[in-house]
Amino acid sequence: DSAVSAVEMVALDIFQLFRFDCDLSSYEHKLYITTLVPLGLSAVTIGIQGAVVAVYKGRMSRSLGVKGVLMLLFYILPTTSGIILSAFQCSSFDNGDYEVMTIDMSIDCASPERERIIAFATVMVVVYPLGIPLLVGSMLCLRRAEIADRDTRSGGPALSTLSFLFRNYAAEFGWWMPVADLVRRLCLSSLLLVFGQRWDQMVAALVGAIGFTVAFREINPYYDETTDILSY
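Residues numbered from 1 in each chain as written. Predicted model: local features only at pLDDT ≥ 70, side-chain atom pairs only at ≥ 80, totals over all residues. Heavy atoms only, no water.

Draft legend 1. Examining the overall build of the protein more closely. Helix and strand counts for the protein stand at 10 helices and 2 strands. In the protein, the succession of helices and strands from N to C terminus is α-α-α-α-β-β-α-α-α-α-α-α. Across the 232 residues of the protein, 38% fall into the buried class. Here the protein has roughly 13,000 Å² of accessible surface; of this, 64% comes from carbon and sulfur atoms. (Helix = DSSP H or I, 4+ residues; strand = E, 2+ residues; numbered from the N terminus. Buried < 20%, exposed > 50% of the residue type's maximum accessible area, 1.4 Å probe, protein only. Areas by Shrake-Rupley, 256 points an atom, 1.4 Å probe, with all protein chains shown as cover.)

What follows is the structure, given as structure tokens:
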């Protein structure tokens, strides 16, 4: 639990924490690095874990490597999705005659460079804000009976890989509430970029925050009853 808590704290904005902006010359480079590096690390980790399982036997679904990959993707998702969705925003000048990317005003929105960025960002939208919640939801759904029947917060060894996702939620909410919370995090962060105007983003964030707070309070999803009280 302490390890998970540490990751949660760092994952608030890992890219700002380590000041990656100083090392990246353009938004395009930042987009490539912040999306491809986690995928590359995940692929390498899964490959190494697969080799270990093949040699020493065991189950891939219970491995530390799979849990590490899930934790990495789960906690970087809002920040990475925000970087991806920034590709679709442009700012207009001269009564709309000239448009540049809001995130990087050195890039003309009508340039081939922007078209390349949009094509790559579209693929990454499928991988990150769409793909990761679907992956997490599918893995939890397959174990929903075991999650619902668990006697402890984290369940038994068979659930160790997924326990960081559902450990805060009561048995009946454990398999779907982590996905709902992930959607909440996306809606209150990166998905706000769908709204072009800052004022619209602020209103959407306020309405969303109130809506999610009331919904979570009414359904009482947490394992610890005191958390239900504090969440309101």
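Draft legend 2. Local environment of the side chain of aspartate 104. Within the secondary structure, aspartate 104 is located in the loop between β2 (98-101) and α5 (112-142). One buried charged side chain, aspartate 104, makes no salt bridge at all; its nearest oppositely charged neighbour is lysine 30, positioned 9.9 Å away. Once residues lying within four places of it in the same chain are set aside, the contact partners of aspartate 104 are Ser26 and Tyr27. (Lys, Arg positive; Asp, Glu negative; His and termini not counted. Salt bridge = Lys/Arg side-chain N within 4 Å of Asp/Glu carboxyl O. Contact = heavy atoms within 4.5 Å.)

Draft legend 3. Representation of the environment of tyrosine 98. Note that tyrosine 98 resides in strand β2. Between the C-alpha atom of tyrosine 98 and that of alanine 110, which follows or precedes it by 12 residues, the distance is 8.9 Å. Residues in contact with tyrosine 98, not counting those within four places in the same chain, are Ser91, Ser92, Phe93 and Asp108.

Draft legend 4. Quick peek at unusual backbone geometry. Phi is positive for asparagine 220, close to 50°, though the residue is something other than glycine. As for its position among the elements, asparagine 220 is in the loop between α9 (198-219) and α10 (225-230). According to the relative accessible area criterion, asparagine 220 is partly exposed, its value standing at 34%.

Draft legend 5. Region of the structure containing the state of the cysteines. What the rule picks out here adds up to 1 disulfide. Through a disulfide, cysteine 90 is tied to cysteine 109; the S-S separation comes to 1.9 Å. Every disulfide takes its handedness from the sign of the S-S torsion; for cysteine 90 and cysteine 109 that torsion is -115°, giving left-handed. One end of the pair, cysteine 90, is in strand β1 (residues 90-93); the other, cysteine 109, is in the loop between β2 and α5, with 19 residues separating them in the sequence. With a relative accessible area of 13%, cysteine 109 lands in the buried category. (Disulfide = S-S within 2.5 Å.)

Draft legend 6. Spotlight on the nonpolar core. Ranked by size, the top nonpolar core spans 36 residues in total, and within it Leu31 and Leu140 carry the most contacts. Where this core is concerned, the elements lending two or more residues are α3 (27-56), α4 (64-85), α5, α7 (163-166) and α8 (177-187). Every residue in contact with leucine 140, bar those within four places of it in the chain, is listed here: Ile147, Leu162, Leu165, Phe166, Gly174, Trp175, Pro178 and Val179. Among the nonpolar cores identified, the runner-up in size contains 6 residues, and Tyr169, Ala170, Met177 and Phe216 belong to it. (Core = buried A, V, L, I, M, F, W, Y, C linked by side-chain atoms within 4.5 Å.)

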